[in-house]
Amino acid sequence: MRKSGGIVTVVLSVAALGWAAEKKGVQANPVSPELKAKWAEEAKLPVVDLSQDASRQVVIAAGTTNVYQGHPTTVLMPDGKTIFAVWCISHGGAAGPMARSDDGGKTWARLDDKLPPGFKSHQNCPSIYRIVDPQGRARLWVYSAWKGSRFSNEAMPSIMSEDDGKTWRELPPLGKAFRCVMTFSSVVRLKDGTTLGLYHRGPEGADRAPLEVLQTITKDGGFTWSEPRVVAKVEGKNPCEPYVFRSPDGQELCALLRENTHKGYSLVMFSQDEGATWSVPKDTAWGLTGDRHNGVLTKDGRLVVAFRDQAPESPTKGHFVAWVGTYGDIKAGKPGQYRVKLLHGYVKGDLGYPGVELLPDGAIVATTYLKYWDDARKHSVVSTRFTLAETDAKVK
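**Comments concerning the overall build of the chain**
For the chain, the helix and strand inventory stands at four helices and 29 strands. On C-alpha atoms alone, the chain measures out to a radius of gyration of 20 Å, which is about the 21 Å that the 2.2 N^0.38 rule sets for 396 residues. When its C-alpha atoms are laid out on the principal axes, the chain stretches across 60 × 50 × 50 Å. Relative to its 396 residues, the chain shows a buried fraction of 57%. Here the contacts in the chain between residues at least 6 apart in sequence split such that 52% fall between residues at least 24 apart. Separation of charge centres in the chain, based on 51 positive and 43 negative side chains, amounts to 3 Å.

Now the structure itself:
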């Protein structure tokens, strides 16, 4: 809400408008019977439901009647068992919380009091990454969207650790050129040892249509980044929240994109030259349609990608799901093998910004925020764990 000259103007973001419509069941864009029939056929993709199995689930940060825990990201350390998680307080609110698990996500210890005091002034969806510089030195980084006020020119502040998370220091914002809706939704190491980051923004950095995806590269392990450039802008669509990863053969980059009009499918684009150029974004298969994708490549060569389900006519729409398939399925637009309902949200559509980690024993730990309890308590940060051997056995 903004107030000027006695006039109050309510400003709703693109994401907030979509979420509000979803909650109210509003169908803003009626679709043809033929398209609905097509979606209904695609919605026959098998679903394995793990959402009611509490033995798999760990509450990392419980919501209360007053505290909303939101938008976590995670990073797995090279030892295969230490996981860090960061999140914000309230929907897209202030950073500050951090937790570490030393046993692959089974138990967690809070680290908030070990972080720089200024971290609490960082705003919106803090994202944690382990970035290795061209000389091979690894650092942990937590980037956020803004410092101080929302949509300020103090864009992308960060905290950083050079000792595997034992100590942290605050770094200055990257600045006005990096104005964004959210900080990096994903990063990927390039063959030359540099790191590519992707994020999105609207006009002048605002959270409104038309949205576009930008790319930037760091050559020094996260301290400085190249001038951002637009790599995805689609007429009539709003690409955002890019998840970039490397193909199993290492020769190609793939980016899955949320499509924020929610009129059809998500988007995907590819680069065969380490991000120098990208293909024109195209629709994904129905089964990959959702918000804020993140995933892992398993030992048998399959991909597990988790997200907030937004597939039209989906029986699990609005819940936290994972798609299981191959890279070839993504390239060819094929349905994939099946989907997994990971967690059930008691507020549909307000969940699913996930961390997804693959442990050495094959267990996948997927972490999100959601209205976990059907009572007055607000959103919590929760993880669930499973293996593909388990879900394969449950496919009907």
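**Quick look at the pattern of salt bridges**
Evaluation of the coordinates by the stated rule reveals 22 salt bridges. In this structure, the salt-bridge partner of K147 is E170, at a minimum N-O distance of 2.8 Å. With K147 in strand β12 (residues 146–147) and E170 in strand β14 (residues 169–171), this residue pair connects regions lying 23 residues apart in the sequence. Classification of K147 by relative accessible area gives partly exposed; the value is 22%. Where salt bridges share partners, they join D133, R137, R139 and E162 into one cluster.

**With respect to the packing of aromatic side chains**
Going through the model one piece at a time under the given rule, you end up with 14 aromatic pairs. Ring plane angle 10 degrees and centroid distance 5.3 Å describe the contact between W141 and Y143, whose orientation is recorded as stacked. There is no split in this pair, since W141 and Y143 are both buried. Taken together, a centroid distance of 6.1 Å and an interplanar angle of 90 degrees make the contact between F245 and Y327 edge-to-face. Here F245 is found in strand β19 (residues 239–246), whereas its partner Y327 is found in helix α3 (residues 327–332), with 82 residues between them in sequence. For F245, a relative accessible area of 7% gives the class buried. Site record: aromatic cluster; members linked through ring pairs are W141, Y143, F184, Y199, F223 and W225.

**Side note on the layout of surface pockets**
When its volume is computed, the second largest pocket comes out at roughly 1,000 Å³. Looking at the second largest pocket, it is lined by 34 residues, and the ones nearest its centre are V75, R130, V187, G295 and E357. Only β5 (69–76), β10 (127–132), β15 (182–189), β19, β23 (290–297) and β27 (355–358) provide two or more residues apiece to the lining of the second largest pocket. In terms of residue count, the dominant contributor to the lining of the second largest pocket is β23 (six residues).

**Quick look at the confidence of the model for the chain**
Per-residue pLDDT for the chain averages 93, and the proportion of residues at 70 or more is 93%. When the elements of the chain are averaged for pLDDT, strand β2 (residues 7–9) gives the smallest value, 33, and strand β20 (residues 253–259) the largest, 99. In this model, residues 1–27 is a region of pLDDT below 50 whose contacts with residues beyond four sequence positions or in other chains number 28 contacts.

**Some points on the pairing of strand β21 (residues 267–271)**
Extensive coverage of β21 is indicated by the burial of five of its five residues. Judged by which residues are buried, β21 turns out to be covered on both faces: L267, M269 and S271 on one side and V268 and F270 on the other are all buried. Bridge analysis of β20 against β21 gives five bridges, and the strand direction is antiparallel. In the strand pairing of β21, L256 is matched with V268.

**Concerning the sheet that holds strand β24 (residues 303–309)**
On the basis of which strands lie adjacent, the open sheet formed by five strands has the order β3-β26-β25-β24-β23 and mixed pairing. Either end of the sheet is taken by a strand with one partner, and the two such strands are β3 (47–49) and β23. Going across the sheet, the axis of each strand differs from the next one's by a mean of 25 degrees, ignoring polarity. Pairing of β23 with β24 involves six bridges; the strand directions are antiparallel. Note that in β24 the partner of V296 across the bridge is V304.

Definitions and cut-offs
- Residues numbered from 1 in each chain as written.
- Predicted model: local features only at pLDDT ≥ 70, side-chain atom pairs only at ≥ 80, totals over all residues.
- Heavy atoms only, no water.
- Helix = DSSP H or I, 4+ residues; strand = E, 2+ residues; numbered from the N terminus.
- Rg over C-alpha atoms; globule rule 2.2 N^0.38 Å.
- Buried < 20%, exposed > 50% of the residue type's maximum accessible area, 1.4 Å probe, protein only.
- Contact = heavy atoms within 4.5 Å.
- Lys, Arg positive; Asp, Glu negative; His and termini not counted.
- Charge placed at Lys NZ, Arg CZ, Asp CG, Glu CD.
- Salt bridge = Lys/Arg side-chain N within 4 Å of Asp/Glu carboxyl O.
- Phe/Tyr/Trp six-rings, centres within 6.5 Å; stacked < 30°, edge-to-face > 60°.
- 1 Å grid on protein atoms, 1.4 Å probe; cavity = no way out; pocket = protein on both sides within 12 Å on 5 of 7 lines; lining within 4 Å.
- Points joined across faces, edges and corners; volume = space filled by probe spheres on them.
- pLDDT = per-residue confidence, 0-100.
- Pairing = 2+ DSSP bridges.
- Axes fitted to C-alpha atoms, helices over the stretch in contact; angles between N-to-C directions.

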